[in-house]
Structures are given as C-alpha cells and as structure tokens.
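Chain by chain, the residues run as shown.
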Amino acid sequence: MINADEIAGILKQQIEQFKTEVQEDEVGTVISVGANLARVYGLRGVRSSELVEFPNGLLGVALNLEEDNVGVVIMGPDDEIKEGDKVRRTGRIASVPVGEALLGRVVDPLGQPIDGKGPIETTRLRTLENIAPTVIQRQPVKQPLQTGLRVLDALIPIGKGQRELIIGDRSTGKTAIAIDTIINQKGRNVFCIYVAIGQKNSTVAALAQVLEQKGAMAYTTIVAISPSEAASLRWLAPFAGCAMAEELMYAGKDVLIVYDDLTKHAQSYREMSLLLRRPPGREAYPGDIFYLHSRLLERAAKLSDEMGGGSMTALPVIETQAGDFSAYIPTNVISITDGQIYLTPELFFQGIRPAVDIGLSVSRVGGAAQTKAMKSVAGQLKLELAQYRDLAAFAKLASDLDKATQNQLARGEKLTELLKQPQYQPQPMEDQVALIYAATNGFVKDVPTDRLANWASGLIDFLHNQHPNIPAAIAESGQLSDDTRKQLDDALTAFNKSF
C-alpha cells in the first residue's frame, strides 16, 4: 500500500518540475510542385541547404532563397505532395551518416543502405557542404597512390591528396581504371569511396560483385543513384560521398574517392536549375556550374601533420562526346584538377588497353610523389615513348627506313605492348619497376612482340620464385640500388636463357 503522504510528495515533486514550453515551428505553404521541386511560401528564416519536412515525412533541401518564396528540392517522389500542404523547418542542414560503419556497404545519397544487408550502425552525421581545407591546413602531395597500372604509375603518377581527372569517350575504359585503382589499395590502408552518379543498377551490382570477389569491398563504400531517380538525388550524390570521405580524412586516414561521372552530375544540376528558373548560360548550364565542381574537388587534399596528416585523393571522371575535350564541362574540370588521364577510342580499338594517350595525359604533381625506384626507370621510358610517337607519325609517310629507325620503331612497339595490362589485374610497384627496367635496358629486344605478355608474366613468377630478395629489396627501400640492379641484371639474363 502507498500511503497518502507518499502520493502527496510525488504530486508536489511533479508540480515543481512541471515546465510550460511553447514549441515554435516555422511553417510554410506549398504554392506549386512538380518535377521534384516545390515552391514554398512563408519560410522566412530558412537557411540555404536546410532540410524541410513535408506532411508525408519526405524531406527537402532549401536551394533557392527568393524574396517571396523558397525553391525546395524534394528528396524522393513528389506524387503525394500537393498545393496548400504545410512544410515545416527542421533546423538541420542537409547531412549524411558517416564513419567506418559504412565500409563494405552500398548506400544511396542520403546514406540509406540499398544492399539489403540491414541498417548501418552509426550515429555520426556530417553536413554535405563543408569548407575545403585552407592553404595552411594542407601540405604538398609527396606520397604515391599506386594504381597498379604500369602506364599510370610510371608515366602519369598519382599522389595522395591529388585530383586527377579521367577523361574520354564512352566505353574507353574510364571506370576500369578507377576500379583497378580501388582493387590495388588492398592491404595499403587506403579507404575507397566510389560514387556512381546516374549509373544503371545492374552496372553497380556487377561492380559491387567484382569488388567483393577481389576482396576490395571490405574497405570500400559505394554511393549509388540510378538514372530513374530524381535529379535532386543525383546532384547530392558526390557531396554525400565527399562528406563520407572527409570524415575519414580528418581522422588521419588516407581515402580515395571516385566520382563516376561528373558529366551526369552537371546535367542533373542543369535540370534542377532550369526548373528553378535560374538564368541559363553557355550550353544552358547555370552560371555557377564551375563553382559546383570546384567546391567539390577543392575538398580533396593532403592535410598538414598538425591536422592529422590524412588525405583525400579524388579521381573525377568526365565523358566527352567524339573526343571533344574543349567542350564546356571538360574544360571546366580540367582547369580544377591537377592533371588528366586522357583515354581514346582509337587506342582502345587497336587493343592498347588501358587506352591512355600518353601525349595528351599529364600529372601536374605526381612526379613529386613517385618512389625513387620508379622515377629511375620511368624517365628513360618517357623519353623512348616520346621519340617512338614522333617516329611512328613520320614512318607512316616514309617507304624505306634506315636500320636505326626500324630498330627504334620495334623498340617503341615493344614498350607499348608492355604497357598493356588486363583488367582487374593491378601490379605491385616492385614488379612494375623490374619489368620497365628490363624493357628499357634491352632485355626484350630478342623477345617477339606477340609473346611479350607471356614473357612479362613468366619473368614476374621467376623473380618471386627464384630471386624473391630482388622484389623485396625494391619494395622495402623504394629504391633501385646498384647492388639490386646487378642482381636484377643477372636474374634477367638467366631468365632470358630459359625463356
């Protein structure tokens, strides 16, 4: 039994603790809706990029703040929203869940899982739009990010914290380069985020399957949005991926992020801007299209040691039409990035894959990030390939060529053959160095060009089985010492005798 005094005491306590609070919500009214955009009247205090809530629980992002109304981008289907509906401010700026719990998962741009593996256990959120690190908070790019592709690691190297554009026509192998780079990060302590903007669900599923088979999904997050979804979600996808990468970067980790591709992203933004009646500019893109991509890519950096020394390396992808990289979006992104990997259909159909045009591709900071071993063999390779390209152009016109020219052409052909690499087979730096060293030091002159691929794979097996100390020494020191060179020469001579 509870006696009367106890009841009175409880009541007194309740009365003392009772507070009268008025909860004030700022509410607006939908005046028009369509194409996943709503115009809302009455949200006077709303902030740019703030989330607002519709009656059916759907969220929207305030994008256009005009004098008498707010243009809101709806995050999902707009079928149930109608004129006159009440819209409530949430006070939250658009943000996504972040943290290591997202690794190994496929999510949408709102951070919701779409891989059927259950909810994501993370409470941390990060706003989509953040200010890029300042000049003082950065340090120069000086560590290599190995792609595992000989042609890139030797000639167009990428460093941690760099932004390297992958550009080319459709079906020239742009995504393949990005995926190989992700697979090559296995065991290198680099986290990867792949943003698939407007790609078919079947493509994304196949890609997740490949990463799973190669053991790369464990350190990768895929942010995917299909072409059938609203333009608003396609516009958010890269920013969501970037926020997830930033969380890891500021925790002192190295991150690689691939935006595949920013052409579709620009088109989605153009669609939204035209529907919001923003004035169109060149090719009907809005005036701030350059700012859209620059504020996204500028967030990739190598942080200073005081900031934890983390890095975010960005590989944006741009699709050109008929090789026209002087179009609006390609030139914009070329001017924002630190170099570009240019892929051409001509090379692709000749069977040179990856179809990288070495003459047009450039890395503006990668050389500073190459290991000494790779630098020592890549210089000679660059020179010989440049001479070969010049000669090959003339050789088409000339009928009879002298012996020296013929030799140089044959050498160039062999080097080009050696830079070919099958998909999903990235190669460690020490194996690449051994192969390029062999090629530039005359160890392939007696090997028929059509057997070079067999020769290369045979050589790598031979080195790892018979002379494991050579690749180990290169990998450990990152240098090609005189002693290692001598051992490598002897091993190559022995291998050529047996081949």
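Being a predicted model, the structure only gives us computed values, none of them experimental.

Participant: Any chance you could explain the packing of aromatic side chains here in plain terms?
Facilitator: The description of two aromatic rings rests on the distance between their centres and on the angle between their planes. In the structure shown here, the tally under the stated rule is six aromatic pairs. Plain terms: the ring middles of F325 and Y342 are 4.5 Å apart, the flat faces sit at 45° to each other, and that makes the pair tilted. Remark: Y342 occurs in strand β15 (residues 339-343) and F325 occurs in the loop between β14 (311-319) and α8 (328-336); sequence separation between them is 17 residues. With a centroid separation of 5.6 Å and an interplanar angle of 85°, the aromatic rings of F348 and F349 are classed as edge-to-face. The class of F348 is buried, set by a relative accessible area of 18%. In this structure F349 comes out as exposed when scored by relative accessible area, which is 66%. Among the aromatic side chains, those forming a connected cluster through ring pairs are W455, F462, F495 and F499. The aromatic ring of Y285 is capped on one face by R270, whose charged end is 4.2 Å from the ring centroid. In this structure, R353 packs its charged tip against the face of F348, placed 4.0 Å from the ring centre.

Participant: Would you take a moment to explain the nonpolar core for this structure?
Facilitator: Nonpolar side chains tend toward joint burial in soluble globular proteins. By size, the foremost hydrophobic cluster in this structure holds 129 residues, and its most contacted members are I182, L211, I222, W235, Y259, I341 and W455. W235 has contacts with V61, L63, H265, S268, Y269, M272 and L292, leaving out every residue within four places of it along the chain.

Calculation rules
In every chain, residue numbers begin from 1 and rise along the written sequence. This being a predicted model, a pLDDT of at least 70 is required before a residue's local features are given, and a value of 80 or more before pairs of side-chain atoms are given or counted; all residues contribute to the totals for chains, interfaces and linings. Note: side-chain values were computed over all heavy atoms of the structure, leaving out hydrogens and water. When the centres of two rings from Phe, Tyr and Trp lie within 6.5 Å, Trp using its six-membered ring, the rings pair. Their planes under 30 degrees apart give stacked, over 60 give edge-to-face, and anything left gives tilted. Secondary structure elements are defined from DSSP: runs of H or I of at least 4 residues count as helices, runs of E of at least 2 residues count as strands, and each element is numbered from the N terminus. For each residue, the accessible area found with a 1.4 Å probe, counting protein chains only, is set against the maximum for its type, and the residue is called buried under 20%, exposed over 50%, and partly exposed in between. Geometrically, a charge over a ring is one whose NZ (Lys) or CZ (Arg) sits within 6 Å of the ring centre while staying within 35 degrees of the ring normal. As used here, the term nonpolar core means buried Ala, Val, Leu, Ile, Met, Phe, Trp, Tyr and Cys residues forming a set that is joined through side-chain atoms within 4.5 Å. The contact definition used throughout considers only heavy atoms, calling two residues in contact when any of these lie within 4.5 Å.

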